[in-house]
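# Breakdown of the fold
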Amino acid sequence: MIIDTTEVQTINSFSTSGFFKEVYGLIWIIPILTLILEITIGVLVIVWLEREISAAIQQRIGPEYAGPLGILQAIADGTKLLLKEDLLPSRGDIRLFSVGPSIAVISVLLSYLVIPFGYRLVLADLGIGVFLWIAISSIAPIGLLMSGYGSNNKYSFSGGLRAAAQSISYEIPLTLCVLSISLRLEIGRNDQVVLPYDSDLDSSTVDIVEAQSKYGFWGWNLWRQPIGFLVFLISSLAECERLPFDLPEAEEELVAGYQTEYSGIKYALFYLASYLNLLVSSLFVTVLYLGGWNFSIPYIPIPELFRINQMAGIFGMTIDIFITLAKAYLFLFISITTRWTLPRMRIDQLLNLGWKFLLPISLGNLY
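Residues numbered from 1 in each chain as written. Predicted model: local features only at pLDDT ≥ 70, side-chain atom pairs only at ≥ 80, totals over all residues. Heavy atoms only, no water.

The following threshold applies: UniProt positions are given in the numbering used here, feature names are shortened, and annotations may be inferred rather than shown by experiment.
As recorded by an unreviewed UniProt entry, the chain carries the name NAD(P)H-quinone oxidoreductase subunit 1 and is attributed to Rhynchospora pubera. Taken from UniProt, the Sequence similarities (unreviewed entry) comment for the chain reads in full: "Belongs to the complex I subunit 1 family."

As structure tokens, then:
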């Protein structure tokens, strides 16, 4: 029996390439699973922080029995929701009713692809990073509208309509604030007052953070565009449907809004989507206006003081992640305290604020 050596080499190369493809596929899953684990832990921390801060504001104890300092209370609540019966409306549209929560969660999860936690800690460094987040986040209200319509309940349907109207009203000022940052970044690169028509706007999240790091603490967009920061802050709260902008689920008017007919795991998905969206907004506030993972005190550059730039490996990445999350949780503290400070707005006041005030202000900030 004669075996051709070229055939053996071809078979070996084919099997080796297939093996490397499988290994590469497994390696690509690792950062995604790591990000999902970090997001899950972040949501649990947000739930615990909200309960502790809310208890402190209202001068009560808060969770303390489930684990040390009540840390396991969020896990207990999630387990309880998973074990509850999943009820379906008898006269509703079961397809829309079931798909709505999934769309709300998936659209928020995809936004984490373009969030940088460090210089090389980003899953997808795209040139349209920030605008991709805006495009993806605009899908979530469709899921809420589907949930409200599929419930065959007037309160649920009213909540879904409110969610769609609120998202449209506040997404435009938010997009204009992001556009002003991208224009400033492109003008700074080209050293031109007017951009040529054939120039492409760079909205990469990593490039936006790097542009703010040139002048340390004073290079943050918070100081360059304070009006844009305020508009972005208010619009982010409205997009997250946090008080005083939680009109789609106002319990005094709509029982629970688009969530009225939900129970069990589907209700848990809505609960998860709201906190995931809040964390996404906090991280984008950090990236766009607070310098991302960079942090320097005037005349005392922190990275040079502790030699963070020279620290490679896991420790340097840990420092970047810690700085990013510390700034993000500062915004979370503001949103939590706002919930127990300001009263809920009426729907006409909410729409007037978005169209008559924030939209003209964001246009003025753009020009």
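## Some remarks on the layout of surface pockets
So the rule is basically this: Points on a 1 Å grid over protein atoms alone make up a cavity when a 1.4 Å probe fits among them but cannot get out, and a pocket when they form an open set with protein on both sides within 12 Å along at least five of seven lines; lining residues each have an atom within 4 Å of a point. Grid points are joined across faces, edges and corners, and a volume is the space filled by probe spheres set on the points. Strands here mean DSSP runs of E at least two residues long; helices mean DSSP runs of H or I at least four residues long; both are numbered from the N terminus. When residues are sorted by character, Ala, Val, Leu, Ile, Met, Phe, Trp, Tyr, Cys and Pro go into the nonpolar class, Asp, Glu, Lys and Arg into the charged class, and all the rest, Gly among them, into the polar class.
Computed from the structure, the largest pocket encloses a volume of approximately 730 Å³. What lines the largest pocket is a set of 24 residues, and nearest its centre among them are Arg 242, Glu 249, Tyr 271, Tyr 275 and Arg 339. Mapped by element, the contributors of at least two residues to the lining of the largest pocket are helix H1 (5–57), helix H10 (251–254) and helix H11 (264–289). When its residues are assigned to classes, the lining of the largest pocket shows 10 nonpolar, 3 polar and 11 charged.

## Brief notes about the packing of aromatic side chains
Aromatic rings in a pair are described by how distant their centres are and how their planes are angled relative to each other. How we decide: In summary, the pairing rule links any two rings of Phe, Tyr or Trp, Trp by its six-membered ring, whose centres are within 6.5 Å, and it sorts them by plane angle into stacked for under 30 degrees, edge-to-face for over 60 and tilted for everything else. Think of it in three bands: residues with accessible area under 20% of the maximum for their type are buried, residues over 50% are exposed, and the middle band is partly exposed, with areas taken using a 1.4 Å probe on protein chains only.
Evaluation of the coordinates by the stated rule reveals 11 aromatic pairs. With 6.2 Å between their ring centres and 50 degrees between their planes, Trp 133 and Phe 232 make a pair best called tilted. With Trp 133 in helix H4 (residues 129–137) and Phe 232 in helix H9 (residues 226–239), the pair connects residues that are 99 residues apart, well separated along the chain. Here the two residues Trp 133 and Phe 232 agree in accessibility, since each one is buried. Ring centres of Trp 218 and Trp 223 lie 5.7 Å apart, and the angle between their planes is 50 degrees; this geometry places the pair in the tilted category. Take Trp 218: its relative accessible area is 53%, and that puts it in the exposed class. You can call Trp 223 partly exposed: its relative accessible area is 41%. The rings of Trp 133, Phe 229, Phe 232, Phe 284 and Tyr 289 are connected pair by pair, giving a single aromatic cluster.

## So, empty space enclosed by the protein
Taken as a whole, this structure holds 1 cavity of 30 Å³ or more when the rule is applied. Put simply, the largest cavity is a space of about 380 Å³. Taken together, 29 residues make up the lining of the largest cavity; nearest its centre are Ala 140, Glu 239, Cys 240, Glu 241 and Asn 277. Contributions of two or more residues to the lining of the largest cavity are made by helix H3 (94–109), H4, helix H5 (140–150), helix H6 (154–190), H9 and H11.

## So, unusual backbone geometry
Of note in this structure, Gln 59 is not a glycine but carries a positive phi near 60 degrees. The residue Gln 59 is located in the loop between H1 and helix H2 (73–83) in this model. Its identity as a non-glycine residue notwithstanding, Asn 152 has a phi of 55 degrees, on the positive side. In this structure, Asn 152 sits in the loop between H5 and H6.

## Observations regarding the pattern of salt bridges
We apply this condition: Counted as salt bridges are all cases of a side-chain nitrogen of Lys or Arg within 4 Å of a carboxyl oxygen of Asp or Glu.
For the coordinates displayed, the defined rule picks out 6 salt bridges. Its salt-bridge partner being Asp 246, residue Arg 344 comes within 2.7 Å of it at the nearest N-O pair. Of the two residues, Arg 344 is situated in the loop between helix H13 (314–339) and helix H14 (347–366) and Asp 246 in the loop between H9 and H10; the sequence distance between them amounts to 98 residues. The exposure class assigned to Asp 246 is buried, which follows from its relative accessible area of 9%. Among the charged side chains, a salt-bridge network with shared partners connects Glu 50, Arg 242 and Arg 339.

## Some words on the nonpolar core
Taken as a class, soluble globular proteins show a tendency for nonpolar side chains to be buried jointly. Condition: Put simply, buried Ala, Val, Leu, Ile, Met, Phe, Trp, Tyr and Cys residues joined by side-chain atoms within 4.5 Å make one nonpolar core. Should any heavy atoms of two residues lie within 4.5 Å, those residues are considered in contact.
The biggest cluster of nonpolar side chains holds 60 residues, and the ones touching the most others in it are Tyr 112, Trp 133, Phe 232 and Leu 288. Considering every element that reaches this core, the biggest residue donor is H11, with 12 residues. Beyond its immediate sequence surroundings of up to four residues, Phe 232 is in contact with Trp 133, Leu 174, Cys 177, Val 178, Phe 284, Val 285, Leu 288 and Tyr 289. One finds Val 206, Val 209, Val 287 and Trp 293 within the second-largest nonpolar core, a separate group that totals 5 residues.

## A short note on the UniProt feature "transmembrane region" (unreviewed entry) in the chain
Within this structure's numbering, the places UniProt gives as "transmembrane region" (unreviewed entry) are residues 23–49, 94–115, 121–146, 268–291 and 311–336. In this annotation, residues 94–115 is assigned 73% helix and 0% strand; the end-to-end C-alpha distance for the span is 34 Å. Segment residues 268–291 splits into 92% helix and 0% strand. End C-alpha atoms: 33 Å apart.

## Examining the environment of Asn 153
The cut-off we apply is this: For this analysis, a polar contact is any N or O atom pair within 3.5 Å, provided that within protein one partner can donate a hydrogen and the other can accept it, and provided that sequence-adjacent residues contribute only side-chain to side-chain pairs.
Along the chain, Asn 153 falls in the loop between H5 and H6. The sequence separation of Asn 153 and Arg 91 amounts to 62 residues, and the corresponding C-alpha distance is 9.5 Å. At 2.6 Å, the side chain of Asn 153 and the side chain of Glu 261 are in polar contact.

## Description of the packing of H3 against H5
This is how the line gets drawn: Lines fitted to the C-alpha atoms define the axes, with helices restricted to the stretch that makes contact. Angles between their N-to-C directions range from 0 to 180 degrees. We call two directions roughly parallel when the angle between them is under 35 degrees, roughly antiparallel when it is over 145, roughly perpendicular when it lies between 65 and 115, and oblique otherwise. Should the near helix be turned counterclockwise from the far one by less than a right angle, the crossing is left-handed, whereas a clockwise turn marks it as right-handed.
With their axes 7 Å apart at the nearest point, H3 and H5 run at an angle of 160 degrees to one another. The orientation of H3 relative to H5 falls into the category roughly antiparallel. Judged by the twist between their axes, the crossing of H3 over H5 is left-handed. Residues Leu 96, Phe 97, Val 99, Gly 100, Pro 101, Ile 103, Ala 104 and Ser 107 of H3 lie in contact with H5, whose contacting residues are Ala 140, Gly 143, Leu 144, Met 146, Ser 147, Tyr 149 and Gly 150. Of the residues assigned to the contact of H3 with H5, the class counts are 10 nonpolar, 5 polar and no charged.

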